[in-house]
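Given next are the chains, with one letter for each unit.
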Amino acid sequence: MLSRDQAAEVFKRIKSNSTADEVEVLFYGGKTALTRFANNIIHQNVAEENYSVSVRTVFGGRTARATTNKLDEDSLKRVVQASESLAKVQHPDPDLLPMPNSGEGARATGAFPVRHFAQTAAVTPDLRADGVKKIVSVANRHKLTTAGIFSSAESVEGIFNSRGLTSWHTQTSSEISITMLDGDSSGWQKANYPDVGQQDPAGLAEIAARKALTSASPREIPPGKYTVILEPAAVLDMVGFMFFDFGGLSILDQRSFLNNRIGAQIFGPNINVCDDVAHPLQAGAPFDGEGIPRQRVQLIENGIVRRLVYARATAEKMKRSEHKDRVGPVEATGHGFALPNEMGEAPLNIVFDTPADPKTVEQMVASTERGVLITRLWYIREVDPYEKILTGMTRDGTFYVEGGKVRHGILNFRFNESLLHMLSNVEAMGTPVRASGEESFDMVVPAMKVRDFNFTEVTKF
């Protein structure tokens, strides 16, 4: 693994080759490995180690970036030359701030969770194969076909600049995704943790198998509005479509569904959401693309959007804008992307607050007279960006609920649903968990029971 000391030496060499007013270097990469299986056998095992060095230079308000994955002296000279050549032909950016110094980039006080685990970094192909063996054993016992992945990784992320800022983060991750297939049904489960010791391949496989078996011979029910119980992965893939609108630049650019809605009741009073990189179930570096510490920000309080997140330049621009008095507190919160970029910032460590009276999925089902239980959603696309209307389909375990019990599997639905409507109709929530899906980044979200969820079509599977 690339160490902080090695990165510091590379930065020293880059800085000595630069004539720019300011220099910033991002380091990112690491080791990744993946074991893939299908038809109940392992058919692929791959591993890679790669590190990128991304150099940003500044000349009198002009800035540009160039990147390489070669650390020899000639390659470092070339990447500096490329960055400087690009910077010199840019138009000056009136909003560009001086790079942050070591004081701005100091880590916030308080303990930060350990996110690098030696046992995850030491995972071998044999260990991943053993996990797959447990998954396949479950499939064979239930006479099912299984496919999926088991991956592990060790990564680094760091930033150095010529004003003395240095930030460094190391992390491990492990991911398992399982699909179980029967003749006319399927089940799915996925989990991602920094600590591979939290993974339970057999347990995930049993859940996926049970969903495939229980949803066999699916029946058709008509489209319409139903009470739905969304498991955490389904919640995650829906709500993930709204959080890039919580950046200050999206408000300034008039491309956010929150324009003219901040401070208004747009969700139900039981919806409370923060961005908190230090949450024990979260992952990621404690600093943003400029090295600024990520703050905990309460985004939604009792259904009202209270705050946005900001990169340094966006905060300064917002303070001079017509919106400054209508968007809540304005300050750099450590949520910016590496410069230059067109996106500004976004919250990427979403945590839903634990509800006052959390319910399990089983309790939600038991309290539902007629509804649909949804394992996951896929192929989600945005239909109306301002009303946040999404369309997509259910998948890998969709069930009809009647009289407080799961009765049988059903053919999948296409939905058209507004997040504003959905999050205003949440009747119950579970305890938030670390969840993984396919359409969005990992979050800490609860299962939800939602009334009047709009299904528009029935599929043929």
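Above this text you will find the structure in question.
A brief report on the enclosed structure follows. (Residues numbered from 1 in each chain as written. Predicted model: local features only at pLDDT ≥ 70, side-chain atom pairs only at ≥ 80, totals over all residues. Heavy atoms only, no water.)

1. Some points on the overall build of the protein
Here is step 1 of the chain: A tally of helices and strands in the protein yields 10 helices and 19 strands.
Here is step 2 of the chain: With respect to the principal axes defined by its C-alpha atoms, the protein has extents near 70 × 55 × 40 Å.
Here is step 3 of the chain: Burial status across the protein gives 54% buried among its 461 residues.
Here is step 4 of the chain: Taking as baseline every contact in the protein between residues at least 6 positions apart, the subset at least 24 positions apart corresponds to 73%.
Here is step 5 of the chain: Carbon together with sulfur atoms contributes 49% to the accessible area of the protein, which is approximately 19400 Å² in total.
Here is step 6 of the chain: Taking the average location of the 51 positive side-chain charges in the protein and that of its 56 negative ones, the two points are 1 Å from each other. (Helix = DSSP H or I, 4+ residues; strand = E, 2+ residues; numbered from the N terminus. Buried < 20%, exposed > 50% of the residue type's maximum accessible area, 1.4 Å probe, protein only. Contact = heavy atoms within 4.5 Å. Areas by Shrake-Rupley, 256 points an atom, 1.4 Å probe, with all protein chains shown as cover. Lys, Arg positive; Asp, Glu negative; His and termini not counted. Charge placed at Lys NZ, Arg CZ, Asp CG, Glu CD.)

2. Quick look at the pattern of salt bridges
Here is step 1 of the chain: Considering all chains together, one arrives at 27 salt bridges under this definition.
Here is step 2 of the chain: We note a salt bridge from K359 to D357, for which the minimum N-O separation is 3.1 Å.
Here is step 3 of the chain: For K359, a relative accessible area of 31% corresponds to the partly exposed category. (Salt bridge = Lys/Arg side-chain N within 4 Å of Asp/Glu carboxyl O.)

3. Quick word on the packing of helix α1 (residues 4–16) against helix α2 (residues 73–88)
Two measures define how a pair of helices packs: the angle their axes make with one another and the distance between the axes.
Here is step 1 of the chain: Where α1 meets α2, the closest approach of the two axes is 9 Å, and the angle between their N-to-C directions is 55°. Put simply, α1 runs oblique to α2. Like other packed secondary-structure pairs, α1 and α2 cross with a definite hand, here right-handed. The residues of α2 that touch α1, namely those facing V10, R13 and I14, are E73, L76 and V80. (Axes fitted to C-alpha atoms, helices over the stretch in contact; angles between N-to-C directions. Parallel < 35°, antiparallel > 145°, perpendicular 65-115°, else oblique. Left-handed = near helix turned anticlockwise from the far one by under 90°.)

4. A closer look at the side chain of S440
Here is step 1 of the chain: Relative to the assigned elements, S440 resides in the loop between β17 (433–435) and β18 (443–445).
Here is step 2 of the chain: Residue classification places S440 among the buried residues on the basis of a relative accessible area of 16%.
Here is step 3 of the chain: Excluding residues that lie within four positions of it along the chain, S440 makes contacts with L236, D237 and G240.

5. So, the side chain of S174
Here is step 1 of the chain: Here S174 is to be found in strand β5 (residues 166–181).
Here is step 2 of the chain: Residue contacts for S174: discarding those within four places in its chain leaves T120, S151, S152, A191, N192, Y193, D195, V196 and Q199.

6. Brief notes about the sheet that holds strand β1 (residues 22–38)
Here is step 1 of the chain: The sheet built from six strands is open, its strands ordered β3-β2-β1-β4-β5-β6 with antiparallel pairing. One side of each edge strand has no neighbouring strand; the edge strands of this open sheet are β3 (62–68) and β6 (186–193). Adjacent strand axes in the sheet meet at a mean angle of 15°, parallel and antiparallel pairs treated alike.
Here is step 2 of the chain: For β1 and strand β4 (residues 145–161), the ladder comprises 14 bridges, and the chain directions are antiparallel. From the neighbouring strand, G29 faces β4, where its bridge partner is V156. (Pairing = 2+ DSSP bridges.)

7. Thoughts on the pairing of β4
Here is step 1 of the chain: Of all 17 residues in β4, 13 are buried, a share of seventy percent or more.
Here is step 2 of the chain: Relative to β5, β4 is paired through 16 bridges, and the arrangement is antiparallel. For E157, the partnering residue across the bridge sits in β5 and is H169.
Here is step 3 of the chain: Turn length for the β4-β5 hairpin, with the two strands adjacent in sequence and antiparallel, is four residues, and the turn residue G164 shows positive phi of about 95°.

8. Re the environment of D130
Here is step 1 of the chain: Here D130 lies in helix α4 (residues 125–141).
Here is step 2 of the chain: The exposure class of D130 is partly exposed, given its relative accessible area of 37%.
Here is step 3 of the chain: The spacing of D130 and P201 is 71 residues in sequence and 9.4 Å in space, taken between C-alpha atoms.

9. Topic: the packing of aromatic side chains
Here is step 1 of the chain: As enumerated under the stated definition, the model contains 13 aromatic pairs in all.
Here is step 2 of the chain: For the ring pair Y226 and F413, a centre distance of 5.9 Å and an interplane angle of 40° mean the geometry is tilted. One end of the pair, Y226, is in strand β7 (residues 224–230); the other, F413, is in strand β15 (residues 413–418), and 187 residues separate them in sequence.
Here is step 3 of the chain: Classification of Y226 by relative accessible area gives buried; the value is 4%.
Here is step 4 of the chain: The exposure class of F413 is buried, given its relative accessible area of 0%.
Here is step 5 of the chain: Seen in terms of ring centroids, Y226 and F455 are 6.0 Å apart; in terms of plane orientation they differ by 55°. Their pairing is tilted. (Phe/Tyr/Trp six-rings, centres within 6.5 Å; stacked < 30°, edge-to-face > 60°.)

Treat this as a map of the structure, not an account of what it does.
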